[in-house]
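# Coordinate inspection notes
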Amino acid sequence: MATAMAATAAERAVLEEEFRWLLHDEVHAVLRQLQDILKEASLRFTLPCSGTGTEGPAKQENFILGSCSTDQVKGVLTLQGDALSQADVNLKIPRNNQLLHFAFREDKQWKLQQIQDARNHVSQAIYLLANRDESYQFRTGAEVLKLMDAVMLQLTRARNRLTTPATLTLPEIAASGLTRMFAPALPSDLLVNVYINLNKLCLTVYQLHALQPNSTKNFRPAGGAVLHSPGAMFEWGSQRLEVSHVHKVECVIPWLNDALVFFTVSLQLCQQLKDKISVFSSYWSYRPF
Amino acid sequence: MRSSLQAVALWGKKAPPHSITAIMITDDQQTIVTGSQEGQLCLWNLSPELKISAKELLFGHSASVTCLARARDFSKQPYVVSAAENGEMCVWNVTNGQCVEKATLPYRHTAVCYYHCSFRMTGEGWLLCCGEYQDVLIIDARSLAVIHTFISSQSPDWINCMCIVHSMRIQEDSLLVVSVAGELKVWDLSSSINSIQEKQDVYEKESKFLDSLNCRTIRFCTYTERLLLVVFSKCWKVYDYCDFSLLRTEVSRSGQFFAGGEVLAAHRIIIWTEDGHSYIYQLLNSGLSKSLYPADGRVLKETIYPHLLCSTSVQENKVQSLSFVMGYMNERKEPFYKVLFSGAVSGRITLWHIPDVPVSKFDGSPREIPITATWTLQDNFDKNHTMSQSIIDHVSGTGTVGVTSSEYVPSLDKLICGCEDGTIFITQALNAAKAGLLEGGSLLKDSLPYKVLKGHHQSVTSLLYPHALSSKLDQSWLVSGDQDSCVILWNIFTEEILHKFFLEAGPVTSLLMSPENFRLRSDQVICCVCSDHSVALLHLEGKRCLLHARKHLFPVRMIKWHPVENFLIVGCADDSAYIWEIETGTLERHETGERARIILNCCDDSQLLKPDSVLPVASETHKHKSVEQRSSSSYQFGPIPCPGLQVESSCK
């Protein structure tokens, strides 16, 4: 049974040869593959290249946000790289058959922090890989494991930024710069939030009504959430407010979907390389490679 | 009476790992501070003769340290701030090693800069921070609370590095930063103090695109008050601070990556690389020459040529290629030195005394500046070998066998140690500790009874004493797993092997037991996690393997039990969840993303595994599980001097 103990000198020589091949050839082949995939991923984020500079405007994409359950809210958002450059939101209020329309001020853009962070994490991963090109000779397995850990950390963070939108409290949404982006200004009984969830661009519109000071309702401020439910309460200024209606509309961003697939594939490649290296650790457990 | 638990960490002959990720020297040049991947800080004495010796290990961070900085005017208060990957920040008094303040913020900092303006500012000053978030955070140096942010109006992005520029001419301070996209931005610092305190928005005064990525350092030349040195990973550039015009670009050799730099004197700079080399240049002024960009309105523009004077390099390490963090410290007043310092992932610190006037050789070729001092934690351990005895050295005979796993059984007063060579020692815990720690303990050593269990052929990676977790289980049972995925069930009283399980799944990384409420035909089962990411369920009474779940692509991070449905839920490092039906051994479901998160959060009897279970490292740093659990409640920040190091200071 005790494989390694009984390994003959010849077996050992073969194993060592295999390990050398792994370190010198296979590792670089995987790293090259990883770089290719991640460069594809970062192209999706329209990274500014060092050669061309940021001067050229990133291309604009329009997304029509809707929902199958409601047609009360429609949004057309324009994405320019990691920033929202235009937004048109239509809100139908059935109570009085009123149609509200508001749009972004022309001079302002709203940065989608999740996309920027994900993009920066990917470029950090690419940077780590670029530092270890073909000319670099790996001397130990531990070195490869360390590199893979560092790359995987960045990729996991990139993925998590897209898959975990910020949980905000209602006062935080009210105080956010996004509400000040609109012209004419948003009515005081509306709150708007925009975020990325997985591969989707999401827009939520909260309709509010003020709680009467003599209201018998038990006032309990809501905590942080990605999506608040009707009935959530909060204090804003000197007023107590309650969410009466919540409208959520969304739209798939195809390139975010691609990017997420690239992250998953890259993470699997990294883990497989780690596993290959680790196989040899059981043969040379005493050697700090 | 309130009982407090004192945690004592014992290290054997091998120093604990300290992979340096950040390094600084205090202003009084008496202490070197290093931060490590393991989360600990180490304080090192630096003697007037530039001799290094480790003083204290500071425990406070639970993640890798990302940066260190001064946190006060050092002559008044010897405080240093450290930040970690998980957003923890600690302020330490480096004289006594106490943690003065701590906070956990949802920000990952990569650089911190202390700023204080005595005549305009009340309080202890600001910590200007940048990292994996937009723009620059201003944090109160005393309370570690976020005061405000310096925000960008133009292309806000993460900031890579920053420096504070104090202009003697206009008596104003500015903050210079470079973003990840390569944009240089300048904020007024001293004149914005009021606006910041009143929480008004402060936007950058100027910004300029530098046309290079991965900026590592930005430095202002205080001697000329004109030159700006910006180091990128693939080039370094010199700019004119007056109009940010480019005076020189120097590109790195292939395979070489710059990591930082500093201005040594007027027209003299030092640049260092990731692999631990440094180069000192004299910047020669070419006078006026044709500009490269005559279109910008200026026909004539001076340029600068670097002339290599000296270089330094670390000792060549044949076995491992390492990365280094480096820094440079200018002398303040006599008898302080100009010191270049580096810390390596291996834990080694190296110092170079840089001469006041570095010169090249007579023939004009660069001179190599020799290493002045170099030291590691291990050097301290080797120097004090009298104390560095492991707790089982006296029983293992040769005294060189590394302990790879351990288990403490308080009810039997037994310490069980699994070793590198496959043997398992069982000794009396308190007496062993006494013999190892207390004076006169050496007498105990020879009379200390112990047992040896021989059955494994490879190092023992994991131990479990089931009775400690469930009193219904047999007191005599011990389960051990090894590097070769062999799991043995022992009777520790008779020292016999009751059963051997061969799993063929790589090293056993951990052994767990199903909770009380989970029973299979009235018996609890053992869960064995292996390094090929598989999970095996072992039935001890039946001496058989119930299930070997082998589909996991990523390392196992969490094990959950669903008693009602008879499911085993396995959470993996990629945040996915695998649901196995125990009776049939089939994979019932595989979920990722949000659904996986919900499934993993549903039952709370989860058993978390160590985040990194790649290679079991042979060392004495294994804490005993039971101590670890209890100590977490009374966990305090503060210095833990290691025994080897303590002896040294008391010898003086």
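The numbering scheme is per chain: residues are counted from 1 as the chain's sequence reads. Chains carry letters from A onward and ligands carry numbers from 1 onward, assigned in written order. Thresholds applied to this predicted model are a pLDDT of at least 70 for local features of residues and 80 or more for the giving and counting of side-chain atom pairs; totals over whole chains, interfaces and linings are not thresholded and use all residues. Remark: hydrogens and water are excluded; side-chain values derive from all non-hydrogen atoms of the structure.

### Focus: the overall build of chain A
Along chain A, the regular secondary structure elements total 6 helices and 10 strands. Radius of gyration means the value over C-alpha atoms here, while the globule rule gives 2.2 Å times the residue count to the 0.38 power. For chain A, the C-alpha radius of gyration of 26 Å lies well beyond 19 Å, the compact-globule estimate for 289 residues. Oriented by its inertia axes, the alpha-carbon framework of chain A measures out at about 85 × 50 × 35 Å. Note on areas: Shrake-Rupley with a 1.4 Å probe; residue coverage comes only from the protein chains shown. Of the roughly 14000 Å² that chain A leaves accessible, carbon and sulfur atoms contribute 54%. Where helices and strands are cited, they refer to DSSP runs of H or I of at least four residues and of E of at least two residues respectively, numbered from the N terminus.

### Considering the side chain of B:D157
Secondary-structure assignment places B:D157 in the loop between strand 12 (146–151) and strand 13 (159–167). On the basis of relative accessible area, B:D157 is assigned to the buried category, the value being 4%. For this analysis, a polar contact is any N or O atom pair within 3.5 Å, provided that within protein one partner can donate a hydrogen and the other can accept it, and provided that sequence-adjacent residues contribute only side-chain to side-chain pairs. In terms of polar contacts, B:D157 uses its side chain to reach the side chain of A:R119, at 2.9 Å. Polar contacts involving the side chain of B:D157 include one to the side chain of A:N120, which spans 2.8 Å. Relative accessible area decides the class of each residue, using a 1.4 Å probe on protein chains only: under 20% of the type maximum gives buried, over 50% gives exposed, and in between gives partly exposed.

### Some thoughts on a nonpolar patch on the surface
Residues and elements named next belong to chain B. Patch rule: a residue counts if its relative accessible area is over 30% and it has no salt bridge; like charges are joined within 9 Å, and nonpolar side chains (Val, Leu, Ile, Met, Phe, Trp, Tyr) within 5 Å. In the sections that follow, a salt bridge refers to a side-chain nitrogen of Lys or Arg positioned within 4 Å of a carboxyl oxygen of Asp or Glu. Among the surface-exposed residues, V8, L437 and L438 lie close enough to one another that they form a single nonpolar patch of about 280 Å² accessible area. Its location among the elements puts L437 in helix 3 (residues 429–437). Judged by its relative accessible area of 38%, L437 is partly exposed.

### Some details on the sheet that holds strand 28 (residues 349–353) of chain B
Residue and element names in this part refer to chain B. Strand order in the open sheet formed by 4 strands is 26-27-28-30, with antiparallel pairing between adjacent strands. Each edge of the sheet is formed by a strand with only one pairing partner; in this case those strands are strand 26 (324–329) and strand 30 (373–375). Taking each pair of neighbouring strands and ignoring which way they run, the sheet shows an average axis angle of 15°. When DSSP locates at least two bridges between a pair of strands, those strands are taken to pair. In this analysis an axis means a line fitted to C-alpha atoms, helices contributing only their contacting stretch, and an angle means the value between N-to-C directions, from 0 to 180 degrees.

### Points about the sheet that holds strand 8 (residues 98–104) of chain B
Residue and element names in this part refer to chain B. Strand order in the open sheet formed by 4 strands is 5-6-7-8, with antiparallel pairing between adjacent strands. With one partner strand each, in any of the chains shown, strand 5 (65–70) and strand 8 form the two edges of the open sheet. Between one strand axis and the next, the sheet turns by 20° as a mean value, whatever way the strands run. Bridge analysis of strand 6 (residues 79–84) against strand 7 (residues 88–93) gives 5 bridges, and the strand direction is antiparallel. Across the sheet, the residue bridging to A83 is M89, located in strand 7.

### Section: unusual backbone geometry
Along the chain, A:A183 connects to A:P184 via a cis peptide bond; the corresponding omega equals -5°. With respect to the secondary-structure elements, A:P184 resides in the loop between strand 6 (182–183) and strand 7 (190–197). The phi dihedral of B:L144 falls on the positive side, at around 65°, and the residue is not glycine. A positive phi angle is found at B:S485, which is not glycine, with a value near 55°. Structurally, B:S485 can be placed in the loop between strand 36 (477–482) and strand 37 (486–491).

### Observations concerning the environment of B:H277
Residues and elements named next belong to chain B. Tracing the backbone through its elements, the reader meets H277 in the loop between strand 23 (268–273) and strand 24 (278–290). According to the relative accessible area criterion, H277 is partly exposed, its value standing at 24%. Each C-alpha atom, one on H277 and one on A259, is 9.7 Å from the other, the two residues being 18 residues apart in sequence. Excluding its chain neighbours within four sequence positions, the residues that come into contact with H277 are I271, W272, T312, S313 and M326. Between two residues, a contact is recorded if the distance between any of their heavy atoms is within 4.5 Å.

### Structural notes on the packing of helix 3 (residues 113–130) of chain A against helix 4 (residues 141–163) of chain A
Residue and element names in this part refer to chain A. Where helix 3 meets helix 4, the closest approach of the two axes is 8 Å, and the angle between their N-to-C directions is 165°. Comparing the axis directions of helix 3 and helix 4 gives the class roughly antiparallel. The handedness of the crossing between helix 3 and helix 4 comes out as left-handed. Judged by residue contacts, Q113, Q114, D117, A118, H121, V122, Q124, A125, L128 and L129 of helix 3 engage L147, M148, A150, V151, Q154, L155, R157, A158, R161 and L162 from helix 4. Residue type decides the class: Asp, Glu, Lys and Arg count as charged, Ala, Val, Leu, Ile, Met, Phe, Trp, Tyr, Cys and Pro as nonpolar, and the leftover types, Gly among them, as polar. Here the residues of the contact of helix 3 with helix 4 sort into 12 nonpolar, 5 polar and 3 charged. Between 65 and 115 degrees an angle is taken as roughly perpendicular, under 35 as roughly parallel, over 145 as roughly antiparallel, and anywhere else as oblique. Two helices cross in a left-handed way if the nearer one is turned anticlockwise from the farther one by less than a right angle. They cross in a right-handed way if the turn is clockwise.

### Overview of the confidence of the model for chain B
Residues and elements named next belong to chain B. Looking at chain B, the pLDDT average stands at 84 and 84% of residues meet or exceed 70. The quantity called pLDDT is the predictor's confidence in a given residue, expressed from 0 to 100. Considering only residues more than four positions removed or in separate chains, one finds that residues 611–652, a stretch of pLDDT under 50, has 80 contacts. For this predicted complex, the interface confidence reaches an ipTM of 0.86, while the overall pTM sits at 0.87.

### Let's talk about the UniProt feature "repeat: WD" (unreviewed entry) in chain B
Residues and elements named next belong to chain B. Here, the residues flagged by UniProt with the feature "repeat: WD" (unreviewed entry) are residues 58–102, 453–500 and 549–590. Along residues 453–500 one finds 0% helix and 50% strand; the C-alpha atoms at either end are 13 Å apart. Helix makes up 0% of residues 549–590 and strand 57%, and the two end C-alpha atoms of the span are 12 Å apart. UniProt positions are given in the numbering used here, feature names are shortened, and annotations may be inferred rather than shown by experiment.

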